[in-house]
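# Structural features, examined
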Amino acid sequence: MSQLKKALEKAMKERKTFSKEGANHAESIGGFPEDRAESGAGKLKHGHARDVVEAPAPTYFQTRSVRVDFEKLVDRKVFSLLKKDEVADQYKLLRTMVLSGIRPKGHRTIEVTSFKEGEGKSLTSVNLAITLANESRQNILLVDMDLRRPSIHSILGIDIKPGLKDYFEGDTPIEDIMIHPGIERLTVLPAGGRMDNSTEIMGSPRMENLIRDIRKRYQDRYIIFDSPALNRCSDPIVLSSYVDAILLIARANYTTTEDITAGMALVKEKNVLGIVLNDSEISRRWAY
Ligand SMILES: Nc1ncnc2c1ncn2[C@@H]1O[C@H](COP(=O)(O)OP(=O)(O)OP(=O)(O)O)[C@@H](O)[C@H]1O
Ligand SMILES: [Mg+2]
């Protein structure tokens with residue numbers, strides 16, 4: 001068993017103990033996938049070519065629409081678009097885990113964060129959003145809340161502007177910055193540009209209004225927030241106070257035990273759905 005896996009297991013065990021001790025937060029959802037009877041889980045090591053891409057026609061008229069290039073998205077490892085693909089299957093498994101963690105509680109808002117930079121938060125956010133939109137027949141709003149280093153727009157190949165920066169710094173209404181990227185049931189709120197004062201913004205009444213507004217307005221939607229890493233700034237912690245649940249990402253051969261210990265200490269009182277072990281060679285990919 002790898003060091004990382006041991007650390008993940010320990011972290012989630014500690015969370016379970018914490019939950020049992022009476023914290024008013026949900027327990028983590030199950031054990032490691034190795035402990036489940038599931039079989040046939042594929043690799044989340046991205047990189048090989050795919051040929052079949054289904055491109056559903058956009059059906060949105062009011063929200064700004066663009067038609068993203070699905071082939072290019074697959075090149076950028078957005079494999080959740082593929083119909084028959086082992087990585088896409090892994091995202092479906094993640095979707096099932098996430099839904100089982102939020103649905104019974106009526107939760108709708110999920111923050112995706114990780115222990116440090118480059119662990120795959122943004123790519124996982126996009127793939128999770130698409131797979132939820134595809135499979136659960138649920139409307140999904142994907143929000144780029146990494147205001148310091150936004151990247152959802154570049155993964156999807158859409159313009160960064162107009163976006164949240166225009167909402168926070170100007171008077172641009174939310175409905176004017178929403179964009180439908182031609183993937184059914186998926187709407188995106190791009191960042192609008194880098195914001196060096198993101199911490200100030202995260203704690204501002206305008207942010208509170210934004211979250212309240214989108215929660216109220218889009219009651220039929222799951223909302224996924226891509227965010228910075230826990231070790232970078234306080235933004236993900238501030239954001240966590242607005243959301244129902246957190247999904248953590250660790251990256252195989254990169255995230256260390258120390259990273260996990262430090263990160264888990266920051267979120268120990270939060271509702272953590274689980275930890276995704278990204279980019280792993282082992283046969284079962286998702287660690288919860
Ligand atoms: N499972 C994977 N297999 C291969 N490449 C991956 C995988 N996950 C992420 N990557 C690649 O790693 C890089 C970082 O991924 P991503 O931007 O999603 O990480 P991040 O945690 O959001 O980073 P940041 O902390 O900078 O916001 C990207 O080039 C992405 O394509
Ligand atoms: Mg990112």
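Residues numbered from 1 in each chain as written. Chains lettered and ligands numbered in written order. Predicted model: local features only at pLDDT ≥ 70, side-chain atom pairs only at ≥ 80, totals over all residues. Heavy atoms only, no water.

### Some details on the environment of Lys 161
Mapped onto the secondary structure, Lys 161 falls in the loop between helix H5 (152-156) and helix H6 (164-169). According to the relative accessible area criterion, Lys 161 is partly exposed, its value standing at 43%. In sequence terms Lys 161 and Pro 190 are 29 residues apart; their C-alpha atoms lie 7.0 Å from each other. With sequence-adjacent residues up to four places away left out, Lys 161 is seen in contact with Arg 64, Asp 166 and Gly 192. (Helix = DSSP H or I, 4+ residues; strand = E, 2+ residues; numbered from the N terminus. Buried < 20%, exposed > 50% of the residue type's maximum accessible area, 1.4 Å probe, protein only. Contact = heavy atoms within 4.5 Å.)

### Describing the nonpolar core
Core analysis: the largest hydrophobic core is formed by 40 residues, its most contacted members being Leu 142, Leu 186 and Leu 247. Among the elements that line this core, the one with the most residues is helix H4 (residues 121-135), at 7 residues. For Leu 142, the contacting residues outside a window of four places in its chain are Ser 125, Val 126, Ala 129, Ile 152, Leu 156, Leu 186, Thr 187, Val 188, Leu 189 and Ile 224. Core analysis: the next-biggest nonpolar cluster, separate from the first, contains 25 residues, Val 143, Leu 164, Met 202 and Leu 239 among them. (Core = buried A, V, L, I, M, F, W, Y, C linked by side-chain atoms within 4.5 Å.)

### Some details on the confidence of the model for the protein chain
When pLDDT is averaged along the protein chain, the result is 82, and 76% of the positions lie at 70 or above. Note on residues 17-45: pLDDT under 50 across the span, and 73 contacts to partners over four residues away in sequence or across chains. Note on residues 47-60: pLDDT is under 50 here. Beyond four places in sequence and across chains, it has 37 contacts. (pLDDT = per-residue confidence, 0-100.)

### What to know about the pairing of strand S2 (residues 109-114)
For S2, the tally of buried residues reaches 6 of 6 residues, placing the bulk of the element in the interior. Judged by which residues are buried, S2 turns out to be covered on both faces: Thr 109, Glu 111 and Thr 113 on one side and Ile 110, Val 112 and Ser 114 on the other are all buried. Pairing of S2 with strand S6 (residues 221-226), which is carried by 4 bridges, proceeds in the parallel orientation. Note that in S6 the partner of Val 112 across the bridge is Asp 226. Direction of pairing for S2 relative to strand S7 (residues 245-251): parallel, over a ladder of 5 bridges. Residue Thr 113 lies in a different strand from S7, and its bridge partner there is Leu 248. (Pairing = 2+ DSSP bridges.)

### Some details on the packing of aromatic side chains
The geometry of an aromatic ring pair comes down to the distance between the two centres and the angle between the two planes. Under the defined criterion, the tally for this structure stands at 1 aromatic pair. The interplanar angle of 75 degrees and the centroid separation of 5.2 Å between the aromatic rings of Tyr 167 and Phe 168 together place this pair among those described as edge-to-face. Here Tyr 167 matches Phe 168 in class, with each residue buried. For Lys 116, the ring lying beneath its charged end belongs to Tyr 254, and the centroid distance is 4.3 Å. Residue placement shows Arg 206 over the ring face of Tyr 167; its charged tip is 4.1 Å from the ring centre. (Phe/Tyr/Trp six-rings, centres within 6.5 Å; stacked < 30°, edge-to-face > 60°. Lys NZ or Arg CZ within 6 Å of the ring centre and 35° of its normal.)

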